[in-house]
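# Geometric and topological summary
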Amino acid sequence: MEWLRNLLHEIGAGWAVEWPKALNVPLNSWINDFVEWLITEHGQAFEAVSNSISVVLLAIEQTLRGMPWLVMFFFITALAWFISGRRLGMTILVAVCLFSIGLIDPQLWDNAMVTLSVMLVATILCIVIGIPVGLLISAQDRLRSLVIPLLDLMQTMPSFVYLIPAIMLFGLGAVPAIFATVIYAIPPVIRLTDLGIRLVDSGLGEACDAMGANRIQKLLGLQIPTALPNILQGINQTTMLALSMVVIASMIGTRGLGTEVLLGLQQLNVGRALEAGIAIVLLAIVMDRITQAYGRKLLRAQRGR
Amino acid sequence: MGASSCERNGADEELSLIEIRNIYKIFGKSASRAFTLARSGQSKQRILSETGCTVGLQDVSLNVADGEIFVVMGLSGSGKSTLIRHINRLIEPTAGQVLVRGRDVLSLNRQELVNFRRSTVSMVFQRFALFPHITVWENVAYGLKVQGAPRPKRMERALGWLDKVGLNGFERQLPRQLSGGMQQRVGLARALCTDPDILLMDEPFSALDPLIRNQMQKQLMALQQDFHKTIVFITHDLDEALLLGDHIAILKDGLVEQVGRPQDIVLRPASPYVREFVRDVNRGRVLTAEAIMTPCPRNKGDNRGEASVTRDTVIEDLLHQSVATDRVLKVVDDTGGVIGEIHRDAVLKALVARP
């Protein structure tokens, strides 16, 4: 290709060979300025958000860690039992996974409770924000065409890119980790809420309208109930994604199972890292089964036993 | 009224409950341009190729009298389902008016429309459209629920209607646990539960087996005897239309081909299209004595001992009498006065479609 470069240079079209310096959108400095502006002008607002999330997180964390492990164990197992509609096999699986976490290393139980509380807060935030957004974009096509690319962006952007500004805004600790987790984990619940509502049979919507239901009645009486299996699937996906952020979150000061993995790797203690890794997987199975069980129960009820 | 009383056109003089006036419905982006074309009488195909718009309905006007079953008949794509959805405004017309009891449905604001749908008009759907996540009785009572009726009242009314459609004891089932026919009976009970004046039925029996369809038609007629709703009934089945309809409108490509009583349609098809349709109809089951008789001046009480039939007897039911007697059959009205007579030839002629 050398001859082509030379040729272009000779005819004075050097700009076509090397990217011209002037042809540049200074996105870099814009964003830096924007973040700086956010910190200086709205630092207090972020601090307020940060504090309120911290308070909730602390309360949940203290409850989960303060509870004797045996009580927690029976509580979660009982939850699985009732939510799944008294399915013995699934309950046993949950119990075994849960028990194994402590069995691998007693210290991991406590770490698992810390991780669980971070996940709970992140998941609750995802649900509280994600379901309304999902409902909104299911009703508004134009808004949807704006939000969907944003969701793609949130899922594909490497998480470190927004983790660092999050630290700048919220300070070190659990809150920026939760913020990053919400960004990464919220798309499924939005997408599946939107999808679920759109999949509701249009004939049913027509019947609802024809009987004189107003919008709220239609939403609460028909659309959300019939879309619920999909919405729950979204919540399940969201919890799984949230759990997958645990290790990354631990890098910015969240404690829990992720920290164990990180410490194990730093000390070249592969055993310790692997133990914590297995505990994460076990916790994931427990969360997955419990969040899926309810959706499955609903589906069974809707499609006939 | 003398001799002319043999011609009955009372139905046309009754007050219309629903008036549909010059409805146009055009689907597509450049609807206003297509509307101008449609108004100037261009054909559906021409408008489609010029503007890319589909003409759903073209200048449709109909009057539905209080308490009658009005059947809109047409093949798929004729616009019949689109038409019925204009009455409760599930679809907005491109132009035209829909009046119910003289009130313009299209001028209602959102809240008025909701109230109108809650109190005046309800609908039965081809695919039943029962809510899958709630029980049968909750489905039936849904219309009352959106009105804010208390639960005991909802339950009582729903169970009452389930009983009337013969589904006693199924109230706690989920819709999918019932057969198609039973599901549509739930749909019917749901539509009737709010005690509406108008029942819109969009091909309600088309998805059912012939035998079940027959049962449902009979049940509908029995219910109509008791409750006298105004029913707009959509079907693609001419036999069903002739059986149920007090009046029938035949729709083709969004245009009304003919409106009339079943006998008018069979005896005097207004277009080749309608003639084609009615050719295979069992005329003996549709045509009544009145439609085929030779009218005569009304004559009270002079029919002692003579063979007579009431004016709404269908040919099928007077055949054996006609064959048995060598003289003419007298046709009598509700009070027993003779209003016409039928020769055997007339019966035979009526049974054979004119070419």
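Rules behind the numbers
Here, residues in each chain are numbered from 1, in the same order as that chain's written sequence. By the order in which they are written, chains take letters starting at A while ligands take numbers starting at 1. Per-residue local features of the predicted model are confined to residues with pLDDT of at least 70, and side-chain atom pairs are confined, for both listing and counting, to 80 or more; whole-chain, interface and lining totals are unaffected and use all residues. By definition, any uninterrupted DSSP run of H or I lasting at least four residues is a helix, any uninterrupted run of E lasting at least two residues is a strand, and each is numbered from the N terminus. Here the globule rule reads 2.2 Å times residues to the power 0.38, and the radius of gyration is calculated from C-alpha atoms. Burial is judged by counting the other C-beta atoms within 10 Å of a residue's own C-beta: 20 or more makes it buried, 12 or fewer makes it exposed, and any count in between marks it as partly exposed, with every C-beta position built from the backbone. Two residues form a contact once the distance between their C-beta atoms, set from the backbone, is within 7 Å. Two strands are counted as paired when DSSP detects at least two bridges linking them. All axes are obtained by fitting lines to C-alpha atoms, using only the stretch in contact for helices, and the reported angles, taken between N-to-C directions, cover 0 to 180 degrees. Between 65 and 115 degrees an angle is taken as roughly perpendicular, under 35 as roughly parallel, over 145 as roughly antiparallel, and anywhere else as oblique. For any helix crossing, the convention is left-handed if the near helix is rotated counterclockwise from the far helix by under a right angle, and right-handed if that rotation is clockwise. Domain ranges listed in this record stem from an automatic or a database domain assignment. By the convention adopted, Pro, Cys, Tyr, Trp, Phe, Met, Ile, Leu, Val and Ala count as nonpolar, Lys, Arg, Asp and Glu as charged, and the other residues, Gly among them, as polar. A set of buried residues qualifies as a nonpolar core if it consists of Ala, Val, Leu, Ile, Met, Phe, Trp, Tyr and Cys joined through C-beta atoms within 7 Å. Expected helix span is computed as 1.5 Å times (number of residues minus one).

Attention now goes to the overall build of chain B. Each helix and strand counted, chain B has 17 helices and 14 strands in total. For chain B, whose C-alpha radius of gyration is 23 Å, the value lies close to the compact-globule estimate of 20 Å for 355 residues. Its C-alpha atoms give chain B principal-axis dimensions of roughly 65 × 55 × 40 Å. Counting every position in chain B, which comprises 355 residues, the buried fraction comes to 43%.

Moving on, we come to the interface of chain B and chain A. Counting residues at the interface gives 19 residues for chain B and 16 residues for chain A. Elements that contribute at least two residues to the side of chain B that touches chain A include exactly α5 (110-119), β6 (121-124) and α7 (142-147) of chain B. A per-element tally of the side of chain B that touches chain A places α5 of chain B first, with 4 residues.

Right, let's get into the sheet that holds strand β5 (residues 103-104) of chain B. Residue and element names in this part refer to chain B. Read across the sheet, 4 strands follow the order β2-β1-β4-β5 without closing on themselves; strand pairing throughout is antiparallel. Each edge of the sheet is formed by a strand with only one pairing partner; in this case those strands are β2 (54-65) and β5. Pairing of strand β1 (residues 16-27) with strand β4 (residues 95-100) involves 5 bridges; the strand directions are antiparallel. Within β4, the residue paired with Tyr24 across the bridge is Ala95. Sitting on the sheet, helix α2 (residues 31-39) is in contact with β1, β2 and β4, with an inclination near 115° to β1.

A few words on the sheet that holds strand β10 (residues 255-260) of chain B. Two orientations exist for strands paired in a sheet by backbone hydrogen bonds: parallel and antiparallel. Residue and element names in this part refer to chain B. In space, the 6 strands of this open sheet follow the order β6-β7-β8-β3-β9-β10, with mixed pairing throughout. Two strands in the sheet have a free side with no partner beyond their single neighbour: β6 and β10. Neighbour-to-neighbour, the strand axes of this sheet turn through a mean angle of 15°, independent of strand direction. Across 5 bridges, strand β7 (residues 198-202) lies against strand β8 (residues 230-235) in parallel orientation. In the strand pairing of β8, Met201 is matched with Phe233.

The subject of this paragraph is the packing of helix α9 (residues 202-210) of chain A against helix α10 (residues 215-244) of chain A. All names here are of chain A. The N-to-C vectors of α9 and α10 enclose an angle of 165°; their axes lie 11 Å apart at closest approach. By the angle between their axes, α9 is roughly antiparallel relative to α10. The way α9 lies across α10 gives a crossing that is right-handed. Between α9 and α10, the contacting residues are Leu204, Gly205 and Cys208 on the first element and Lys218, Leu222 and Thr226 on the second.

Residues and elements named next belong to chain B. Partitioning chain B into domains gives domain 1 (63-281) and domain 2 (285-351). Ranked by the residues each element gives to the side of domain 1 that touches domain 2, the list is headed by helix α12 (residues 262-267), at 4 residues. Taken together, the residues of the side of domain 1 that touches domain 2 break down into 5 nonpolar, 1 polar and no charged.

A separate point is the environment of Gln173 of chain B. Residues and elements named next belong to chain B. Tracing the chain through its elements places Gln173 in the loop between α8 (151-164) and α9 (180-192). By the C-beta count within 10 Å, which is 15 here, Gln173 ends up partly exposed. When the C-alpha positions of Gln173 and Asn214 are compared, they lie 25 Å apart, and in sequence the two are 41 residues distant. Apart from the residues lying within four places of it in its own chain, the contact partners of Gln173 are Thr135, Val136 and Leu178.

To continue, consider the nonpolar core. Residue and element names in this part refer to chain B. Ranked by internal contacts, the top residues of the largest apolar core, which has 103 residues, are Val140 and Val232. Among the elements that make up this core, the one with the highest residue count is β1 (6 residues). A domain-level breakdown of this core finds at least three residues from each of domain 1 (63-281) and domain 2 (285-351).

Right, let's get into the pairing of strand β3 (residues 69-73) of chain B. Residues and elements named next belong to chain B. Taking burial as the measure, the 5 residues of β3 include 5 buried ones, the bulk of the element. Residues Ile69, Val71 and Met73 of β3 are buried on one face, and the alternating residues Phe70 and Val72, pointing to the opposite face, are buried as well. Note: β3 against β8, 5 bridges, orientation parallel. Paired with Ile69 across the bridge in β8 is Ile231. Direction of pairing for β3 relative to strand β9 (residues 247-252): parallel, over a ladder of 4 bridges. When the sheet's bridge partners are listed, Val71 is paired in β9 with Ile248.

Turning our attention to α9 of chain B. Residue and element names in this part refer to chain B. In a regular helix each residue adds 1.5 Å, so 13 residues correspond to 18 Å; α9 covers 18 Å between its end C-alpha atoms and thus fits that length. In terms of burial, α9 is a largely internal element, 10 of the 13 residues being buried. Every buried residue of α9 is accounted for by Gln183, Gln184, Arg185, Val186, Gly187, Leu188, Ala189, Arg190, Ala191 and Leu192.

To continue, consider the pairing of strand β14 (residues 338-342) of chain B. Residue and element names in this part refer to chain B. Counting buried residues along β14, 4 of its 5 residues qualify, which places the element largely inside the surrounding structure. When strand β13 (residues 329-332) meets β14, the two strands line up antiparallel, connected through 4 bridges. Along β14, the bridge assignment pairs Leu329 with Ile342. As consecutive antiparallel partners, β13 and β14 are separated by 5 residues, and within that stretch Gly336 has a phi angle of approximately 95°, a positive value.

This part covers unusual backbone geometry. For residues other than glycine, phi is negative in most cases, and the peptide bonds are mostly trans. Residue and element names in this part refer to chain B. Despite not being glycine, Glu203 has its phi angle at roughly 45°, a positive value. Along the chain, Glu203 turns up in the loop between β7 and α10 (210-227). Judged by the 20 C-beta atoms lying within 10 Å of it, Glu203 is buried. Unlike most non-glycine residues, His228 shows phi in positive territory, near 50°. Along the chain, His228 turns up in the loop between α10 and β8.

A word on the packing of helix α4 (residues 88-104) of chain A against helix α5 (residues 106-139) of chain A. Residue and element names in this part refer to chain A. Running from amino to carboxyl end, α4 crosses α5 at an angle of 125°, the nearest separation of the two axes being 4 Å. When the axis of α4 is compared with that of α5, the two are oblique. Residues Ile101, Gly102 and Ile104 of α4 lie in contact with α5, whose contacting residues are Pro106, Leu108, Trp109 and Ala112. Looking at the contact of α4 with α5 residue by residue, the class counts come to 6 nonpolar, 1 polar and no charged.

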